[in-house]
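Here is how the chains run, residue by residue.
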Amino acid sequence: MANTLPIDIVAGELARLRATNPLVHLLTNEVVQEITANVLLAVGASPAMIVAEEEAAVFAAISGALLINVGTLYPARLAAMKLAVAAANQAGVPWTLDPVAVGVLDYRTQACREFIAARPAAIRGNASEILALAGFAGSGRGVDTTAGSDAAVSAAEQLALSTGAIVAVTGETDFITDGTTTWATPWGHPLMTRVVGTGCALSALVAAFTAQAPNRLNAVAAACAVAGLCGERAAGSSRGPGSFKADFIDALYLISPEKLRGQDA
Amino acid sequence: MANTLPIDIVAGELARLRATNPLVHLLTNEVVQEITANVLLAVGASPAMIVAEEEAAVFAAISGALLINVGTLYPARLAAMKLAVAAANQAGVPWTLDPVAVGVLDYRTQACREFIAARPAAIRGNASEILALAGFAGSGRGVDTTAGSDAAVSAAEQLALSTGAIVAVTGETDFITDGTTTWATPWGHPLMTRVVGTGCALSALVAAFTAQAPNRLNAVAAACAVAGLCGERAAGSSRGPGSFKADFIDALYLISPEKLRGQDA
Amino acid sequence: MANTLPIDIVAGELARLRATNPLVHLLTNEVVQEITANVLLAVGASPAMIVAEEEAAVFAAISGALLINVGTLYPARLAAMKLAVAAANQAGVPWTLDPVAVGVLDYRTQACREFIAARPAAIRGNASEILALAGFAGSGRGVDTTAGSDAAVSAAEQLALSTGAIVAVTGETDFITDGTTTWATPWGHPLMTRVVGTGCALSALVAAFTAQAPNRLNAVAAACAVAGLCGERAAGSSRGPGSFKADFIDALYLISPEKLRGQDA
């Protein structure tokens, strides 16, 4: 069903990101802020965590992209997120939603319901999260949280159609869809699941790639591909999750459009 | 006085942890959240930081274990902790207290006094912290914060008897006691004190090992042993605290019941 | 104009820091707390993040030095910072200001205006930040945020004279001034800008070196030199920003007065 994303598209999107070095406003969870910033710096974007209600709106409006991650949501941070989203929408800044654990806890589920209604440019989640979101996004069908990735791809496509967002459902293979066209990115390594923040940092990469993207579907898919390819390289050179983390960030720094085009992917 | 924990017990407890992959709810300090999560992921547990008052109680009740660490306490976080502890107690979820710097600052000292009264399953602290706790836990003797580790072991035993908790007092040698039986775990390396969060992450390991533990004393002692053994291995392969941190997390991933049983410890 | 800081001064200041192992109270931003603590532990200081309004004043008064970093400012943290600064001033504890992104966002700019009036012992910022501070510190001249480092050095000198602080303006070459004498520290590597928190951690090093410093200008300059020299070493041994971070912290641990005096700097 889904075709594998051509490496040429990954190379082109990475070249575009490096040329523009976008400023990315990150309202993410407490646990992963350092790795998220380091992933963006390594790949060639400029991260900024501006978290106060007093500053979030002004900064979102002057950023190239915005990330909203609800992993450690609490009232003050949620208020800053809502102000940032409103300002981003007003200014035409694309924003990405990472709906961590949506559907498991009511407080964040309600918050995600409101975020979905505010029309994110992209949504990045695992199968359970995308299934939960699709269940209340007006997609018109029930969802089964025990369903496999096939069900999640279908939910992702319906979520994309009903919200207008590019939806990435990530796992062993990632699927990225606008509801009509769906790319698969088969790269990655299980060791990524043993390092906190690799998924959250991928959502930040998605946000970075959406900045001024002429083709948002390709941009989001390229972000998933870059993370997966660098994860494979890091897994090949590391002994465990501690060395993997350093090697993964090195790989994001060392990957290049030229090397991608020259490889037998 | 205290016997050294047999390696067979460490191996058995590690095998049990790996088989159950417990979900551990972490309400810990701001500084160490990433290393704490990575230590648990490496060893084979599933960490989750759910920090809001709106979510902490619900999540604590569905977790396998809970950690309370008062390192960067402030009112909103303290409120979430109290809700989580109450819910854990209600649901029979064991929770561990890390009383960082108790006795030094009144605000956290008062909080720890209340936490002790709520009957934690385990307490992990250094000598000064355990001495301070024992001083107000009804153990009936004064404590001398300048006392050495012998005095701390005695305080730990009395604290265990008066609270019902397993108490681990950690340092060059760790002592783990239920007030009657006391294990010593002599492993570790001074470089561990040059990396922020190794002590806090050990408390998270203690919490993880208490999940569904048939023998809570052995579980807590095994957590201390695993951290110390992995610290020794990392010290042997690293050049300083930067590389030590990665090597320590790799060691937690690579350690196994089989290798433990085969070693001449 | 500015002379290069002699390596003998760096060696002497590092020996003094290692001999005193100062306790440094850090009120810094959310993103960089772990690397900041690890940098101080590696070099030989004792970091402590005590962040609550209930505890910040008491702890600042018993610390050897205090750092205020406004990177992720919000009302509760700002309140704790003001209490800590007042207590530090009362107790004669030197405090360092890192005015992250001052001039870009009104909320933190107003906070920095108040902090400057409270007379920090040291200020560490990049050219834009120092130019912004000088613009409202009564230095009597306009500032051009697009100006190069020459203009920033002049602004730093005027800021030092008008506030009484040692001012470090850092970049490819760092300049450290009391308004009359200005040292240059030419060491460092561009890879440092690809790792989040190297600048913030440098400000923490500056704070650590100011503790009980007989010559505050030399102390601040030595902090900049140590960071730059260790950055060069880490760049020589690493493949990208991931391995650089570990190697940088190792270098801070391995650097010594003896090796500094023996090197051909």
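Thresholds, definitions, all that
Residues numbered from 1 in each chain as written. Chains lettered and ligands numbered in written order. Predicted model: local features only at pLDDT ≥ 70, side-chain atom pairs only at ≥ 80, totals over all residues. Heavy atoms only, no water. Helix = DSSP H or I, 4+ residues; strand = E, 2+ residues; numbered from the N terminus. Rg over C-alpha atoms; globule rule 2.2 N^0.38 Å. Contact = heavy atoms within 4.5 Å. Areas by Shrake-Rupley, 256 points an atom, 1.4 Å probe, with all protein chains shown as cover. Least-squares fit on C-alpha atoms with pLDDT ≥ 70 in both. Axes fitted to C-alpha atoms, helices over the stretch in contact; angles between N-to-C directions. Parallel < 35°, antiparallel > 145°, perpendicular 65-115°, else oblique. Buried area = accessible area lost by both parts, 1.4 Å probe. Salt bridge = Lys/Arg side-chain N within 4 Å of Asp/Glu carboxyl O. Polar contact = N/O pair within 3.5 Å; in protein donor to acceptor, adjacent residues only side chain to side chain. Pairing = 2+ DSSP bridges. Buried < 20%, exposed > 50% of the residue type's maximum accessible area, 1.4 Å probe, protein only. Left-handed = near helix turned anticlockwise from the far one by under 90°. Nonpolar A, V, L, I, M, F, W, Y, C, P; charged D, E, K, R; others polar. Phe/Tyr/Trp six-rings, centres within 6.5 Å; stacked < 30°, edge-to-face > 60°.

Trainee: If you had to explain the overall build of chain A to someone new, which residues and values would you point to?
Mentor: Within chain A, the secondary structure is distributed over 11 helices and 9 strands. Compactness check: chain A gives a C-alpha radius of gyration of 17 Å against a globular reference of 18 Å for 265 residues, within 12% of the reference. Considering only C-alpha atoms, chain A reaches an extent of 45 × 40 × 35 Å along its principal axes. Across chain A, every contact between residues at least 6 apart in sequence was considered, and the portion connecting residues at least 24 apart equals 71%. When the accessible surface of chain A is totalled, it reaches about 8700 Å², and 51% of it is carbon and sulfur.

Trainee: Quick one: what's the story with the relation of the copies chain B and chain A, residue by residue and with numbers?
Mentor: Rotating chain B by 120 degrees and moving it 0.0 Å along the rotation axis overlays it on chain A with an RMSD of 0.0 Å. What the superposition gives is, in effect, a three-fold axis relating one chain to the other. Taken as a fraction of all interface residues of chain B, those also at the interface in chain A reach only 12%, which identifies the copy contact as different-surface.

Trainee: Describe the relation of the copies chain C and chain B, and please don't skip the residues or the numbers.
Mentor: When chain C is fitted to chain B, the residual RMSD is 0.0 Å, and the transformation amounts to a turn of 120 degrees plus an axial shift of 0.0 Å. Comparing contact sets, just 12% of the residues at the interface of chain C also lie at the interface in chain B, consistent with a heterologous contact between different surfaces.

Trainee: Quick rundown of the packing of helix α4 (residues 75–91) of chain C against helix α5 (residues 106–117) of chain C? Include the residues and the values.
Mentor: Residues and elements named next belong to chain C. Axis separation between α4 and α5 bottoms out at 12 Å; the angle between their running directions is 10 degrees. Taken together, the axes of α4 and α5 are roughly parallel relative to one another. Side by side, α4 and α5 meet where P75, L78, M81, K82 and V85 of the first sit next to Y107, A111, E114 and F115 of the second.

Trainee: Give a detailed account of the interface of chain B and chain A, specifying residues and quantitative values.
Mentor: Between chain B and chain A, the residue contacts involve 25 residues of the former and 23 residues of the latter. Overall, the association of chain B and chain A removes approximately 2000 Å² of surface from exposure, summing both partners, and the carbon and sulfur fraction of that is 56%. Along the contact surface separating chain B from chain A lie 5 salt bridges. D250 of chain B is the salt-bridge partner of R239 of chain A, the closest N and O atoms lying 3.4 Å from each other. At the junction of chain B with chain A, the criterion picks out 12 residue pairs in polar contact (both at pLDDT 80 or more). Secondary-structure elements contributing two or more residues to the side of chain B that touches chain A are α2 (33–43), α3 (56–62) and α10 (241–254) of chain B.

Trainee: Mind laying out the sheet that holds strand β4 (residues 65–69) of chain C, listing which residues take part and the relevant values?
Mentor: Residue and element names in this part refer to chain C. Strand order in the open sheet formed by 9 strands is β1-β9-β8-β7-β6-β5-β4-β2-β3, with mixed pairing between adjacent strands. Since the sheet does not close on itself, it has two edges, and those belong to β1 (3–4) and β3 (46–48), each with one partner. Inspection of the sheet shows strand β2 (residues 23–27) paired to β4 by 4 bridges, in the parallel sense. Within the sheet, the bridge partner assigned to L27 lies in β4 and is I68.

Trainee: Could you give an account of the pattern of salt bridges, naming the residues involved and the relevant values?
Mentor: Applying the stated criterion across every chain yields a total of 24 salt bridges over all chains. A salt bridge links E34 of chain A to K245 of chain C, with the shortest nitrogen-to-oxygen separation between them at 2.6 Å. With E34 of chain A in helix α2 (residues 33–43) and K245 of chain C in helix α10 (residues 241–254), this residue pair bridges two chains. K245 of chain C carries the same exposure label as E34 of chain A, and that label is buried. Of the charged contacts in the structure, one is a salt bridge between E55 of chain A and R108 of chain C, with a shortest N-O distance of 2.5 Å. Here R108 of chain C lies in helix α5 and E55 of chain A lies in the loop between β3 (46–48) and α3 (56–62), a pairing that spans two chains. Of the two residues, E55 of chain A and R108 of chain C, both sit in the buried class. Linked by salt bridges that have partners in common, R239 of chain A together with D247 and D250 of chain B make up one network.

Trainee: Which residues make up the packing of helix α9 (residues 216–237) of chain C against α10 of chain C, and what values do they have?
Mentor: Residue and element names in this part refer to chain C. At their nearest, the axes of α9 and α10 sit 8 Å apart, and the two run at 130 degrees to each other. As judged from the angle between their axes, α9 and α10 are oblique. Seen along the crossing, α9 lies across α10 with a hand that is right-handed. Across from V226, A227, C230, G231, R233, A234, A235 and S237 in α9, the residues of α10 making contact are F244, D247, F248, A251 and L252. A per-class count over the contact of α9 with α10 returns 9 nonpolar, 2 polar and 2 charged.

Trainee: So what's going on with the interface of chain C and chain B? Residues and values would help.
Mentor: Note: interface size is frequently given as the accessible area lost on complex formation between the parts. Contact residues are listed per partner, giving 25 residues for chain C and 23 residues for chain B. Taken together, the two surfaces of chain C and chain B that pack against each other cover about 2000 Å², and 55% of this comes from carbon and sulfur. Run the count over chain C and chain B and you get 12 residue pairs in polar contact (both at pLDDT 80 or more). Looking at side-chain class alone, the side of chain C that touches chain B contains 15 nonpolar, 3 polar and 7 charged residues.

Trainee: Provide a residue-level description of unusual backbone geometry, including the pertinent values.
Mentor: All names here are of chain A. One non-glycine residue, N21, lies in positive phi territory at about 45 degrees. Mapped onto the elements, N21 comes out in the loop between α1 (7–20) and β2 (23–27). By relative accessible area, N21 is classed as partly exposed at 39%.

Trainee: How would you sum up the packing of aromatic side chains? Please name residues and give values.
Mentor: Counted by the stated rule, this structure contains 6 aromatic pairs over all chains. Ring geometry for F244 of chain B versus F248 of chain B: centroids 5.8 Å apart, planes at 10 degrees, classification stacked. Placement of the pair is F244 of chain B and F248 of chain B together in helix α10, with a separation of 4 residues, close to one helical turn. Each member of the pair, F244 of chain B as well as F248 of chain B, is classed as buried. Their ring planes at 65 degrees and their centres at 6.2 Å tell us that W95 of chain C and F115 of chain C sit as a pair that is edge-to-face. Pair noted here: W95 of chain C is in strand β5 (residues 95–98) and F115 of chain C is in helix α5, with a separation of 20 residues, a long-range link. A relative accessible area of 1% places W95 of chain C in the buried class. Classification of F115 of chain C by relative accessible area gives buried; the value is 3%.

Keep in mind these values describe shape, not function.
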